[in-house]
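The lines below spell out each chain.
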Amino acid sequence: MSREPITFDKGINLKKGPLFLGEDELISCSGWDFRTAGQLSARPSRNQLYSIDTDSDSTVHGFQVYDDSLYAASKAYCLGDQAYFNYIYHRLTTGTSWTNVGLMGGNAKPRWANYLGFTFAVDGGANQKAFLDDEDYTWGVENPTAAPEVVVGAAEVGGPDGTYYCYVTFYVIFPNGHAYETGASSVGTVEPSENAVEWSGIPTCGYAGDGLDIRRRLYRSVSGINYLVKELMDNTTTTFSDVTTDATLQASSTLASSQSYPVPGDFVDVAVYIQRIFGIKGEKLYWTETYAPFSYLAGNNATVSTDGEDLVACVEWGDQLYIATTREWKRLQGNDPDTWALKYTFADNGVINRYTVEKTKYGILGLWYDGIYLFDGVFNKNITEKYLGTEFFTDLDDLTVCFSEYDGDRYYFYYASSSTTVDKCLVLDMNAWPEMVFFHDDFIADAHKYDRDNGTRYLTKSGYEYYESGTETISTTLQTGDRVFKEALKKKNLEYLYYDIDTGGADVVVTFYVDGTADSTTMTLNTTSRERKRSTHLHLMEGYRHSIKITCSDSEDVVIYAPWALEASAVGD
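Residues numbered from 1 in each chain as written. Predicted model: local features only at pLDDT ≥ 70, side-chain atom pairs only at ≥ 80, totals over all residues. Heavy atoms only, no water.

Draft legend 1. Looking closely at the pattern of salt bridges. Enumeration over the complete set of coordinates arrives at 33 salt bridges. Across the salt bridge formed by Glu-328 and Lys-330, the nearest N and O atoms sit 3.8 Å from each other. Residue Glu-328 is classed as buried on the basis of its relative accessible area, which comes to 15%. With relative accessibility at 5%, the residue Lys-330 sits in the buried group. Linking Asp-429 and Arg-410 is a salt bridge whose minimum nitrogen-to-oxygen distance equals 3.0 Å. (Salt bridge = Lys/Arg side-chain N within 4 Å of Asp/Glu carboxyl O. Buried < 20%, exposed > 50% of the residue type's maximum accessible area, 1.4 Å probe, protein only.)

Draft legend 2. Structural view of a negative patch on the surface. Together, Asp-67, Asp-68, Asp-133, Asp-134, Asp-210 and Asp-453 line one region of the surface with negative charge. You can see Asp-210 is positioned in the loop between strand S18 (195-200) and strand S19 (213-222). (Patch = residues over 30% accessible without salt bridge, like charges linked within 9 Å, V, L, I, M, F, W, Y side chains within 5 Å. Areas by Shrake-Rupley, 256 points an atom, 1.4 Å probe, with all protein chains shown as cover. Lys, Arg positive; Asp, Glu negative; His and termini not counted. Charge placed at Lys NZ, Arg CZ, Asp CG, Glu CD. Helix = DSSP H or I, 4+ residues; strand = E, 2+ residues; numbered from the N terminus.)

Draft legend 3. Structural detail: the pairing of strand S32 (residues 353-359). A large share of S32 lies buried, amounting to six of its seven residues. Pairing between S32 and strand S33 (residues 364-368): three bridges, direction antiparallel. The residue of S33 that forms the bridge with Lys-359 is Ile-364. Taking the residues between adjacent antiparallel strands as the criterion, S32 and S33 are bridged by four residues, where Gly-363 takes a positive phi near 155 degrees. (Pairing = 2+ DSSP bridges.)

Draft legend 4. Representation of the pairing of strand S49 (residues 546-552) in the model. Extensive coverage of S49 is indicated by the burial of five of its seven residues. Alignment of strand S43 (residues 476-480) against S49, held across four bridges, turns out to be antiparallel. When the sheet's bridge partners are listed, Thr-477 is paired in S49 with Thr-551. Bridging between strand S45 (residues 508-514) and S49 involves six bridges; their strand directions are antiparallel. Bridging across to S49, Tyr-513 finds its partner in Ser-547.

Draft legend 5. Fine view of the nonpolar core. Phe-512 and Trp-564 are the most contacted members of the largest nonpolar core, which totals 66 residues. If one sorts the elements of this core by residue count, strand S37 (residues 410-415) sits on top with five residues. If you look at the next biggest cluster of nonpolar residues, it comprises 25 residues, including Phe-120, Leu-132, Leu-212 and Ile-277. (Core = buried A, V, L, I, M, F, W, Y, C linked by side-chain atoms within 4.5 Å.)

Draft legend 6. Highlighting a nonpolar patch on the surface. Together, Phe-346, Val-378 and Phe-379 make up an exposed nonpolar region whose accessible area comes to about 320 Å². Position of Phe-346 relative to the elements: it lies in the loop between strand S31 (341-344) and S32.

Draft legend 7. Focus on the side chain of Glu-567. Looking at where Glu-567 falls in the secondary structure, it is placed in strand S51 (residues 564-570). In terms of polar contacts, Glu-567 uses its side chain to reach the side chain of Arg-3, at 2.4 Å. When near neighbours in sequence (up to four residues on either side) are disregarded, Glu-567 contacts Met-1, Ser-2, Arg-3, Phe-485, Asn-493, Leu-494, Glu-495, Tyr-496 and Tyr-498. (Polar contact = N/O pair within 3.5 Å; in protein donor to acceptor, adjacent residues only side chain to side chain. Contact = heavy atoms within 4.5 Å.)

Draft legend 8. Highlighting the environment of Arg-457. Here Arg-457 is to be found in strand S41 (residues 456-461). Residue classification places Arg-457 among the buried residues on the basis of a relative accessible area of 7%. Distance from Arg-457 to Asp-407, taken between C-alpha atoms, is 8.5 Å for residues 50 residues apart in sequence. Beyond its immediate sequence surroundings of up to four residues, Arg-457 is in contact with Arg-35, Arg-46, Asp-407, Tyr-412, His-448, Lys-449, Tyr-450, Tyr-466 and Glu-468. Reaching out from Arg-457, the side chain makes a polar contact with the side chain of Asp-407 at a distance of 3.0 Å. Within the structure, Arg-457 has its side chain in polar contact with the side chain of Glu-468 (distance 3.0 Å).

Here is the structure:
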């Protein structure tokens, strides 16, 4: 007789044929967890928690966490020219209900950036958002469009005397104390001779949002420099009488020399790097001013892609900003726009789907046409080819619907096994990098976010938020590789299965495969404590190679201990 051990620690390997798998490699595996070496138990229980958007036409497909605020994005159906938009929902991490707090212009999965108390969201549409707790604001304040009317007023001894250029800016203070001053209006010109300057038609700001303090600032030039005349503490006053002398005026603050504009719209990705927010659209990279996420200068952009391809992703990793197209990765070198330069890397390709891009301590993970690649800032490498081959990815119908999450140890890759509906989740366990374990998660989320700060995993499915707690009916399955008992060309009779298991009172079904075909006889294991036994003698299972499949429809309390073993004897012995 000959025995073949079976362990499970290396997960699935699709690159090899079933006959060439090692004793710890599997043909398939789903629903199990690989946290403890030498044993398998079911993944954590996940249960429905709070309703977010359960409308039949809606899909909650994004999460973001910032301090004690949690945001969810729902692709929702709306009447009008554009069928779908993104609604943004909010709750406190200690809260129990979701509130709809904003509507965005696109319907792609939003990309997010947390900075200076704000959560910025972009989805490729013009209506980009900045969220502050449960309040939403347009990311960008329009400059005044009309010039103020300025005329010579009554005589004023020692008053304004000369030719003056007059401007208005909007000054917006958010509830968190962050203040933003827009660029200046068109110019109004006046020539008093020791007269008051009478301002009228002072434009009011159309920017809106709860808790805002909106003011206007009036500037007048002296010797080519624009000085602050007055800060109007409201958004209603449209007139002002200015009798400020030049000497007094020159002791005041000045208008910024560079004209600020609203942040450009239609960004598809954003990242925070060296105290600026960077965004991409088309072939260009854009950036805000330092510590001023609402402030954008006219020259704050650069063409990154010179081959006509749109940029796919921008990622801050380490102390660099990296930008990807489908063909390449580039990096931004330098500390400010005066020293910045775009440099090539030695990566053979970029990424094709920004929703699969995740930062790890080893590098940046992202999907390409034939696998998941790890980019370390210089080179990239297909890390799935060794285990899955390239056909696993090239055979998928739609790589654009894939998305991912990384929790510090594991990369969760959600994909559509056929057509466009996401129905699978492949897990890459990188805990023992560079070795990896591959297996499937049976819980298919619409959105997945792991918050490392509080160790909480956020999941959505069918419009509900789920959490990891409680009890759940969990379905598990795995299938081992073939065993030939060192005699590939001889027929063998499978005689015994050696197993070590605690089923927790559930039925665990073992199916025997002979030469790739399931035998009609199965074995059901049901224990209330750990049992390490040899099965009764199996009925005649004659063939060249043998394997087993283990399934359980309610695996919450099941624990499988390695090793198991199969025992067979050559036909005729």
